[in-house]
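Each chain, written out:
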Amino acid sequence: MKFDEKYGIKSFKKVLSVVDVLATLRSGNRIIKITDDTLVTSLAKETARKHNITLIKKGEEMRRKIIAGNWKMHKTLKEAVDLAGNLKERASQFPSDREVVICPPFTALSVVGEVIKGSPVKLGAQNTFWEEKGAYTGEVSPPMLKDAGCQYVIIGHSERRQYFGETNYSVNKKMKKVLESGLTPIVCVGEKLQEREDGKTLSIIEEQVREGMEGLSTEEASGLVVAYEPVWAIGTGKTATPQQAEEVHDFIRKKIRELYGEEVANNLPILYGGSIKPQNIASLMECANIDGGLVGGASLELESFSQIINY
Ligand code: 13P
């Protein structure tokens, strides 16, 4: 920014107009980065405010906050469409600094994608395979998910590890294909109760992070979201305390820093998952390294999920 001494006028290198804001709105994004050299027209400001778009100055960027609902094996098509439609209606009331993602079962992806089109609510899948197409009965590939409107895919959920033979190796293979397809993986890690009681929490997490991300380039790693879900907290009503969760989140960020450097680590959203409720989300979100939530049961109802988003 320059200040003309004679005329007392600031000169700007860039102008952010209402056209830019509307283009951002159409793309589904709700954050616009500006610099000190950007002149934001008053109409652009007003339009951004009206549509809940946040203008963030470079250098003041925060990690993105994500609240994702994992619907697991729930909801018929009608139920899915109803919930997605109601969420879309509420979306203008959600704070603009958090991204909302819903992950219905495969059967409902495409209809839910249609329902939330043009709204800030984003679509994610709960699993995928690492091949693009072929004779793999029962599987769905990342390009197919993209075609159905997904931007996110959950990978390595503990229920997939527990019941369907998912391993760090398969997580790694899936992650590479998902990134290559332009989707964002939400990679789940977490220890079992016995592992925690045996004092193995951090070594298990380290192994899951290291093996799951093996061979990823720095650029690829910068496209990840990680979710810490202690297995003993999932669906049990037993949430990790903010201290327990923060210890692991901080550890994950340190590992990512070791593997991929400061920038990737600082920008990586790490979500907590496991019995998140409207009553416990705020205290979890106060922790320095908790950037959002992966919500199971409480994401199945409009009221509880909205309250969590609005924590
Ligand atoms: P609950 O919120 O039902 O405990 O489930 C958490 C989870 O597994 C989200 O992926």
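Residues numbered from 1 in each chain as written. Predicted model: local features only at pLDDT ≥ 70, side-chain atom pairs only at ≥ 80, totals over all residues.

Some words on the overall build of the protein chain
So the rule is basically this: In this description a helix means any DSSP run of H or I spanning at least four residues, a strand means any run of E spanning at least two, and both kinds are numbered starting from the N terminus. We compute the radius of gyration from the C-alpha atoms alone; for a globule the expected value is 2.2 Å times N to the 0.38, where N is the number of residues. Three exposure classes are used. Buried residues have 20 or more other C-beta atoms within 10 Å of their own C-beta, exposed residues have 12 or fewer, and partly exposed residues fall in between, all C-beta atoms being placed from the backbone. Two residues form a contact once the distance between their C-beta atoms, set from the backbone, is within 7 Å.
Looking only at helices and strands, one finds 14 helices and 14 strands in the protein chain. The globule rule puts the C-alpha radius of gyration for 311 residues at 19 Å, and the 20 Å found for the protein chain is close to it. Reported as C-alpha extents along the three principal axes, the dimensions of the protein chain are approximately 70 × 45 × 45 Å. Among the 311 residues that make up the protein chain, the fraction classed as buried is 37%. The long-range share in the protein chain, meaning contacts at least 24 apart out of those at least 6 apart in sequence, stands at 69%.

A word on the environment of Gln 194
Note on placement: Gln 194 falls in helix H8 (residues 193-197). Take Gln 194: there are 10 C-beta atoms within 10 Å of it, and that puts it in the exposed class. Note: C-alpha distance between Gln 194 and Met 144 (50 residues apart in sequence) is 38 Å.

A few points about helix H7 (residues 168-180)
Rule in force here: The span you would expect from a helix comes to 1.5 Å times its residue count less one.
Taking 1.5 Å of rise per residue, 13 residues should cover 18 Å, and H7 covers 18 Å from first to last C-alpha, within 8% of that figure. Among all positions of H7, only Val 171, Asn 172, Lys 174, Met 175, Lys 177, Val 178 and Leu 179 are buried. Turning to H7, the residues buried within the fold contact helix H5 (142-147), strand E10 (152-155), strand E11 (184-189), helix H9 (201-212) and helix H10 (218-221). Backbone geometry just downstream of H7 places Gly 182 in the positive-phi region, at approximately 80 degrees.

Examining the sheet that holds strand E13 (residues 270-273)
What counts is decided by this rule: The criterion for strand pairing is that DSSP finds at least two bridges linking the strands in question. Every angle, taken between N-to-C directions, lies between 0 and 180 degrees, and every axis is a line fitted to C-alpha atoms, over only the stretch in contact when it is a helix.
Reading around the barrel, the 8 strands line up as E7-E8-E9-E10-E11-E12-E13-E14 and close back on themselves, with parallel pairing between neighbours. Ignoring which end each strand starts from, the neighbouring axes of this sheet average 25 degrees apart. By the bridge criterion, 4 bridges tie strand E7 (residues 65-70) to strand E14 (residues 292-295) in an arrangement that is parallel. Bridge pairing in E14 places Gly 69 opposite Val 295.

Focus on the environment of Arg 161
Relative to the elements of secondary structure, Arg 161 occurs in helix H6 (residues 158-163). Among the residues examined, Arg 161 registers 20 C-beta atoms within 10 Å and is labelled buried. Counting along the chain gives 10 residues from Arg 161 to Val 171, while the straight-line C-alpha distance between them is 9.5 Å. Residue contacts for Arg 161: discarding those within four places in its chain leaves Gly 156 and Glu 166.

Description of the site of the ligand
Formally: Only the C-beta atom matters for this test: placed from the backbone, it must lie within 6 Å of a molecule or strand for the residue to be near it. Three residue categories are used. Nonpolar comprises Ala, Val, Leu, Ile, Met, Phe, Trp, Tyr, Cys and Pro, charged comprises Asp, Glu, Lys and Arg, and polar comprises the others, including Gly.
In the neighbourhood of the ligand, 14 residues make up the surrounding shell, with Asn 70, Ile 234, Gly 273, Gly 296 and Gly 297 lying closest. Tallied by class, residues from the shell around the ligand come to 5 nonpolar, 8 polar and 1 charged.

With respect to the pairing of E13
Burial along E13 is two-sided: Ile 270 and Tyr 272 facing one way and Leu 271 and Gly 273 facing the other are all buried. Both strand E12 (residues 225-228) and E13 contribute to a ladder of 3 bridges, which runs parallel. If you follow Tyr 228 over to E13, its bridge partner there is Tyr 272. Examined bridge by bridge, E13 and E14 share 3 bridges and lie parallel to one another. Looking at the pairing, Gly 273 lines up with Leu 294 of E14.

A few points about the nonpolar core
Filter applied, for reference: Among buried residues, those of type Ala, Val, Leu, Ile, Met, Phe, Trp, Tyr and Cys that are joined through C-beta atoms within 7 Å form a set called a nonpolar core.
The biggest cluster of nonpolar side chains holds 67 residues, and the ones touching the most others in it are Ala 68, Val 153, Ile 186, Val 187 and Val 226. Excluding residues within four positions of it along the chain, Val 187 makes contact with Ile 155, Gly 156, Val 171, Met 175, Gly 212, Leu 224, Val 226 and Ala 227. Leu 16, Ala 44, Ala 48 and Ile 53 belong to the second largest nonpolar core, which has 5 residues in total.

Considering the domain arrangement of the protein chain
Filter applied, for reference: What counts as a domain boundary in this text is fixed by an automatic or database domain assignment.
When the domains of the protein chain are assigned, the result is domain 1 (2-57) and domain 2 (65-309). Taking only C-alpha atoms, the centre of domain 1 and the centre of domain 2 are 32 Å apart.

Notes on unusual backbone geometry
Notably, Lys 72 is not glycine yet its phi reads approximately 50 degrees, a positive angle. Within the element layout of this structure, Lys 72 appears in the loop between E7 and helix H3 (77-90). With 19 C-beta atoms packed within 10 Å, Lys 72 lands in the partly exposed category.

Let's talk about H9
Condition: Read the arc as the range of directions from the helix axis to the C-beta atoms.
Taking 1.5 Å per residue, 12 residues should reach 16 Å; H9 reaches 16 Å between its end C-alpha atoms and fits that length. The set of residues buried in H9 consists of Ile 205, Gln 208, Val 209 and Gly 212. Buried residues of H9 fall within an arc of 95 degrees about the axis and therefore sit on the same side. Where the residues of H9 are buried, they touch H7, E11 and helix H11 (242-260).

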